[in-house]
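Descriptive structure summary
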Amino acid sequence: MNKKLAKVKYLPNNFQVIEKGDHVICAVSGKAISLENLTYWNVELQEPYYSYIEASKKKEELDNK
């Protein structure tokens, strides 16, 4: 990673890079996620997640509200 944060629009089955970069930051853990490894995100919240674990934690948090 060359340490440039990307600006990304999260779509239902894909994402679109709005501002070039090589990574995004997980909304739950704060870990850097390279765009090549970005697999989990929430379209409604426009948030990326490092793995299914963080995505599940966020879902549980939202379900408990």
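Residues numbered from 1 in each chain as written. Predicted model: local features only at pLDDT ≥ 70, side-chain atom pairs only at ≥ 80, totals over all residues. Heavy atoms only, no water.

Ala6, Val8, Tyr10, Phe15, Val24, Cys26, Ile33, Leu35 and Leu38 form the largest nonpolar core, which has 9 residues in total. For Ile33, the contacting residues outside a window of four places in its chain are Asp22, His23, Val24, Ile25, Cys26, Leu38, Pro48, Tyr49 and Tyr50. (Core = buried A, V, L, I, M, F, W, Y, C linked by side-chain atoms within 4.5 Å. Buried < 20%, exposed > 50% of the residue type's maximum accessible area, 1.4 Å probe, protein only. Contact = heavy atoms within 4.5 Å.)

Further remarks concern unusual backbone geometry. You will see that Gln46, though not glycine, has its phi angle at about 55 degrees, which is positive. Gln46 gets classed as partly exposed once you look at its relative accessible area, which sits at 32%.

With that out of the way, let us pick up a nonpolar patch on the surface. Where nonpolar side chains cluster on the molecular surface, the patch consists of Tyr40, Tyr52 and Ile53 and spans about 300 Å² of accessible area. Locating Tyr40 in the fold gives a position in strand E5 (residues 40-42). (Patch = residues over 30% accessible without salt bridge, like charges linked within 9 Å, V, L, I, M, F, W, Y side chains within 5 Å. Areas by Shrake-Rupley, 256 points an atom, 1.4 Å probe, with all protein chains shown as cover. Salt bridge = Lys/Arg side-chain N within 4 Å of Asp/Glu carboxyl O. Helix = DSSP H or I, 4+ residues; strand = E, 2+ residues; numbered from the N terminus.)

A few words now on the environment of Asp22. Along the chain, Asp22 falls in the loop between strand E2 (15-19) and strand E3 (23-25). Spatially, the C-alpha atom of Asp22 lies 6.2 Å from that of Leu5, the residues being 17 residues apart in sequence. A polar contact is formed between the side chain of Asp22 and the side chain of His23, at a distance of 2.8 Å. (Polar contact = N/O pair within 3.5 Å; in protein donor to acceptor, adjacent residues only side chain to side chain.)

What follows deals with the pairing of strand E1 (residues 7-10). Burial along E1 is one-sided: the face carrying Val8 and Tyr10 is buried and the face carrying Lys7 and Lys9 is not. When E1 meets E2, the two strands line up antiparallel, connected through 4 bridges. The residue bridging Lys7 from the neighbouring strand is Glu19, located in E2. A loop of 4 residues connects E1 with E2, the two strands running antiparallel in sequence. (Pairing = 2+ DSSP bridges.)

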